[in-house]
Amino acid sequence: MDQNASGEDSDNIDWDTEDELEIQSSPLPSSSRLTYPDGEATVGDAEVISTTDLSHSKLINHFVGMGFPEELVAKVIEENGNCSVTLPALENSPRQEQPVDSDHYSSDYYENFADDLSDSDSWCEDEENTDSLSGKEKALSFLKKMGYTMEEASIAMERCGPDASVDELTDFICAAQMARAADPFFPELPEKPKRKLLENGMWKRKKHRGCDSRTMFDEEPLRLPNPMIGYGVPTELCPTPYRNLPEAAAGPPYFYYENVALAPKGVWDTIKRFLYDVEPEFVDSKYFCAAARKRGYVHNLPIQNRFPLVPLPPRTIKEALPLTRRWWPAWDTRTKLNCLQTCIGSAKLTERLRKALEDCYDDEPPAHVQKYVMDECRKWNLVWVGRNKLAPLECDEVEMLLGFPKNHTRGGGISRTDRYKSLGNSFQVDTVAYHLSVLKDLFPGGINMLSLFSGIGGAEVALHKLGVPLKTVVSVEKSEVNRNIVRGWWEQTNQKGTLIDFDDVTRVDGDQLEQLISNIGGFDFVIGGSPCNNLAGSNRHHRDGLEGKESSLFYDYFRILDLVKCIMAKPN
DNA sequence: AAAACTATGATTAGCTGA
DNA sequence: TCAGCTAATCATAGTTTT
C-alpha cells in the first residue's frame, strides 16, 4: 500500500516538545483580574461577585450590555441581593413573547418592565415553604411559582440534572429565554407579512432613532463571508486585518468556541451575543485539506502571526487519495470532498450507481446519468475505487483528512459505526491548529487547558502538533469511547502533563472549577465545540436550533467559560 | 445486545434571468 | 426585485444482521 507514501506519518514525527513540564500549584496571579466595562456604571462588580453564583454577575452585565437600562438592573439587584432571582424578573417581561411587530418597538418598550417586577419579593418566601417536598419536586414547584412554565422547568431539570440547584436551573432557563427573546425569527413568533415589513422597511427606520434605543434587535443579522477564509488562511495571500475585541471578551483565559457555520437563522447572532459580542470567524477547512468543513469559530486569540502545521496536508482529492486517481472519470470534476459527516453511503446506493453506469456501454454516460451519479457523489462523498465503482471513505481516510494520526480512533473497543460518528463530529485539526498557533509564543512553558466537549481530542492533537506543551488538560466528554481514545493518545504520545477526565458538562459547577483553578494555578485556555445535532442541515428530524436537546449545551459552554472568567478575575 | 445497514427532506444561501 | 434554480449539509430512526 502506498497510501502512506505521502509522508503524513505525523504520529511518528518528533515534535521536539521535551521541555520540562512542571505542574504549577501556585496561587492565583492577581494580575489576572478582569474588568467588566459593561457593568461599571451601576452594577458594582465586587458586590455581585460575592453572591452565591458567580456566573449570575456576568449575566447581569450581559443584560446591561445588551441594552437593558442600567437603572432597572441596578434596581432589581437592590431589591434582591441574589442574581438568580433578579434575572427571571427581567426575563419574565414582555420580551419572552415579544412579537416581531413594529408596534412593540416603540420607545416605551422598557417601561413595561417595572410592572413585571411587582411580585419579585414573594419568591424568596415561596422558596422556604417547599421544604417538605423531594429535591426534584421542590425545584419544579419553585420554578413554577417563579412564573416559569412547566415545560421550561422540566427542560431545565433534564438539562441540568437531578441534583442541580435552583440557581443553576434558573440560570439555564434565563439563558434559554435570553436566546429566545433575542431571536427575532423564533418559531412561535409572528406570521410572515409582519416579518417582511420588518426586513424591508421598519428595521432601518428603527436604527436611526438614536443611540438610546439601540438594542439587540437593531443588530444586522450575521452574514457568512465569501470566500469563507475568516481572518485569513495560509494558502490565500491577503494581509491579516486588525480587529478590535470587545473589552469584556479579553482574557484570561483565552477561549475558543466552534460550531457549524450553516446553522438556522439567528443561531450565530445568539452565540455571538453570549460570547461577549465577539465576531465569529467563519472558515471553510477546504483551504486546509481536501474536504470542505464550514465552521464558525468565536475566540479571543490574537490573529497576527499565525502559522500552519507543516507539512501542509494534501488539498485536492487526487493528492489525498492517489489510489483513486486512475478511476476518476473526466466528467467528475470534483477537486474537493464535501463535509465529512457521521454516516456513510450504503452499499445499496453504490450498487445502484454501478448498475446505472454499466448500462451505458463503454462510452461516457449520458448527461442525465452523469447528473444522477454526481448528485449522489456529492451528497455522500463517494470516491472512485474501480471501473464504475464508487465507495464511501474508509475510517482511516477520514482520520487523515481531518488531520488526525493514523489509527487515532482505531481499536480499543470502538465500533466502526462509532468511529465514523466520532470523526464526523470532530475538529479539522489543521484548521484549528492554525488558529491556536499563536499560543505557542504566548505559553512557551505550556498551558493549562479546559477542554469541553473534547470528543476524540482534536484540540489536544492540534496543540501537541504545534509543539505547545500540555501541562494540565481538564477534559469533559460524555462518550466513554471518546474518552478512551483521548486517554490512549495521551499515553501513546508520552505526555508529561496531567489529563483529568469529566463526563458531563452540565455537572461542572463553580466549586469544582474553583478547586481546579486553585490547584493548577488557573486555566490559560478554554476550548470547545458544543453539539451541532440540532443545528446541522443533515438532521431531518430535530433541527431545533440552539434550544434543541443537545445543542442547548452551548449554554453550558458559556456558563462554564463565564465561571472561569469570574473565578480568575476574583482577587485572591 | 451491539453493530451494521438503510431510507429518510428541509433549511439555508448564492446565482441568474425575467 | 424576485421567482426559480443549484448546491451544501459535524444526522436520526427503524430494521436487519452478527
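Residues numbered from 1 in each chain as written. Chains lettered and ligands numbered in written order. Predicted model: local features only at pLDDT ≥ 70, side-chain atom pairs only at ≥ 80, totals over all residues. Heavy atoms only, no water.

Under an unreviewed UniProt entry, the name given to chain A is DNA (cytosine-5-)-methyltransferase, and the source organism is Rhododendron griersonianum. UniProt, in its Sequence similarities (unreviewed entry) section for chain A, records the words "Belongs to the class I-like SAM-binding methyltransferase superfamily. C5-methyltransferase family." Regarding chain A, the relevant UniProt record gives this comment under Subcellular location (unreviewed entry): "Nucleus". (UniProt positions renumbered as here; feature names shortened; annotations may be inferred.)

(A) Spotlight on the overall build of chain A. Counting its regular elements, chain A contains 22 helices and nine strands. Per-residue burial over chain A gives 54% buried out of 572 residues. Taking the contacts inside chain A whose residues are at least 6 apart along the sequence as the reference set, 73% of them involve residues at least 24 apart. Carbon and sulfur atoms make up 49% of the accessible area of chain A, which amounts to about 26,700 Å² in all. (Helix = DSSP H or I, 4+ residues; strand = E, 2+ residues; numbered from the N terminus. Buried < 20%, exposed > 50% of the residue type's maximum accessible area, 1.4 Å probe, protein only. Contact = heavy atoms within 4.5 Å. Areas by Shrake-Rupley, 256 points an atom, 1.4 Å probe, with all protein chains shown as cover.)

(B) View of helix α15 (residues 395-402). Of all eight residues that make up α15, seven are buried, and the element is covered over most of its length. Residues of α15 that are buried: C395, D396, E397, V398, E399, L401 and L402. Where α15 is buried, its residues meet α12 (317-320), α16 (416-424) and α17 (429-436). A positive backbone phi angle near 90° is found at G403, which sits one or two residues after α15.

(C) Local environment of the protein's contact with DNA strand C. For DNA strand C, the set of nearby residues contains 25 residues, the closest of which are R295, N338, T342, R378 and C532. Looking at DNA strand C alone, sugar and phosphate atoms form 67% of those within 4 Å of the protein. Residue S530 places a main-chain N or O atom 3.4 Å away from a base nitrogen belonging to DNA strand C. H542 is positioned with one of its side-chain polar atoms (N or O) 2.9 Å from a phosphate oxygen of DNA strand C. Elements supplying a minimum of two residues to the surface near DNA strand C: β1 (254-260), β3 (294-299) and α14 (367-380). Residue classes in the surface near DNA strand C are distributed as seven nonpolar, twelve polar and six charged. (Near = heavy atom within 4 Å. Polar contact = N/O pair within 3.5 Å; in protein donor to acceptor, adjacent residues only side chain to side chain. Nonpolar A, V, L, I, M, F, W, Y, C, P; charged D, E, K, R; others polar.)

(D) Structural context of unusual backbone geometry. Backbone torsion omega between N226 and P227 reads 0°, so that peptide bond is classified as cis. If you trace the backbone, P227 turns up in the loop between α10 (192-207) and β1. Geometrically, the link from V310 to P311 is a cis peptide bond, its omega value of 0° lying close to zero. The topology assignment puts P311 in the loop between β3 and α12. Unusually for a residue other than glycine, N388 sits at a positive phi of about 65°. With respect to the helices, strands and loops of the structure, N388 is situated in the loop between β4 (383-386) and β5 (389-391). Take N388: its relative accessible area is 17%, and that puts it in the buried class.

(E) Just the nonpolar core, in detail. Among the nonpolar cores identified, the biggest contains 68 residues, and V373, L436, L463, F525 and I527 are the most heavily contacted of them. Contacts of I527, omitting those with residues within four sequence positions, involve Y256, F427, V432, L436, M449, L450, S451, L452, A459 and Y557. A249, V260, V474 and F558 belong to the second-largest nonpolar core, a separate cluster that totals 45 residues. (Core = buried A, V, L, I, M, F, W, Y, C linked by side-chain atoms within 4.5 Å.)

(F) Here's a closer look at the UniProt feature "active site" (unreviewed entry) in chain A. Under the local residue numbering, the UniProt record ascribes the feature "active site" (unreviewed entry) to C532. Excluding residues that lie within four positions of it along the chain, C532 makes contacts with N259, V260, N425 and S551.

(G) Focus on the sheet that holds strand β2 (residues 281-284). Pairing within the open sheet is mixed, and its seven strands lie in the order β2-β3-β1-β9-β6-β7-β8. Of all the strands in the sheet, the pair left with one neighbour each is β2 and β8 (498-502). Pairs of neighbouring strands in the sheet enclose a mean axial angle of 20°, with direction left out of account. Note: β2 against β3, four bridges, orientation antiparallel. Pairing of V283 across the sheet is with R295, part of β3. In the packing of helix α19 (residues 458-466) onto the sheet, the strands contacted are β6 (447-452), β7 (470-476) and β9 (525-529), and the crossing angle to β6 comes to about 155°. (Pairing = 2+ DSSP bridges. Axes fitted to C-alpha atoms, helices over the stretch in contact; angles between N-to-C directions.)

(H) Inspection of the protein's contact with DNA strand B at higher detail. In the vicinity of DNA strand B lie 16 residues, with K265, A347, K348, T417 and G537 positioned nearest. For DNA strand B, the fraction of protein-proximal atoms (within 4 Å) that sit in sugar or phosphate groups is 51%. Contact distances for DNA strand B include 3.4 Å between a base oxygen and a side-chain N or O atom of R540. Only α13 (347-358) and α16 provide two or more residues apiece to the surface near DNA strand B. At three residues, α13 tops the list of elements feeding residues into the surface near DNA strand B. When the residues that make up the surface near DNA strand B are grouped by side-chain class, the tally is four nonpolar, five polar and seven charged.

(I) How the structure looks around the packing of α15 against α16. Close contact between α15 and α16 brings their axes to 10 Å; oriented N to C, the two are set at 15°. Classified by the angle between their axes, α15 and α16 sit roughly parallel to one another. When the axes of α15 and α16 are compared, the crossing they make is left-handed. The residues of α16 that touch α15, namely those facing C395, D396, V398, E399 and L402, are R416, R419, Y420 and L423. Along the lines of polarity and charge, the residues of the contact of α15 with α16 split into five nonpolar, no polar and four charged. (Parallel < 35°, antiparallel > 145°, perpendicular 65-115°, else oblique. Left-handed = near helix turned anticlockwise from the far one by under 90°.)

(J) Inspection of the environment of D277 at higher detail. The residue D277 is located in the loop between α11 (267-274) and β2 in this model. Separated by 21 residues in sequence, D277 and V298 place their C-alpha atoms 9.3 Å apart. Setting aside residues no more than four positions away along its own chain, D277 makes contact with P246 and K272.

(K) Region of the structure containing the pairing of β8. For β7 and β8, the ladder comprises five bridges, and the chain directions are parallel. Directly across from V474, in β8, lies its bridge partner I500. Regarding the hand of the β-α-β motif, the stretch spanning β7, helix α20 (residues 480-492) and β8 is right-handed. (Right-handed = clockwise from strand over helix to strand, strands pointing away.)

(L) Up close: the side chain of S426. Along the polypeptide, S426 turns up in the loop between α16 and α17. Excluding residues within four positions of it along the chain, S426 makes contact with R293, F404 and I456.

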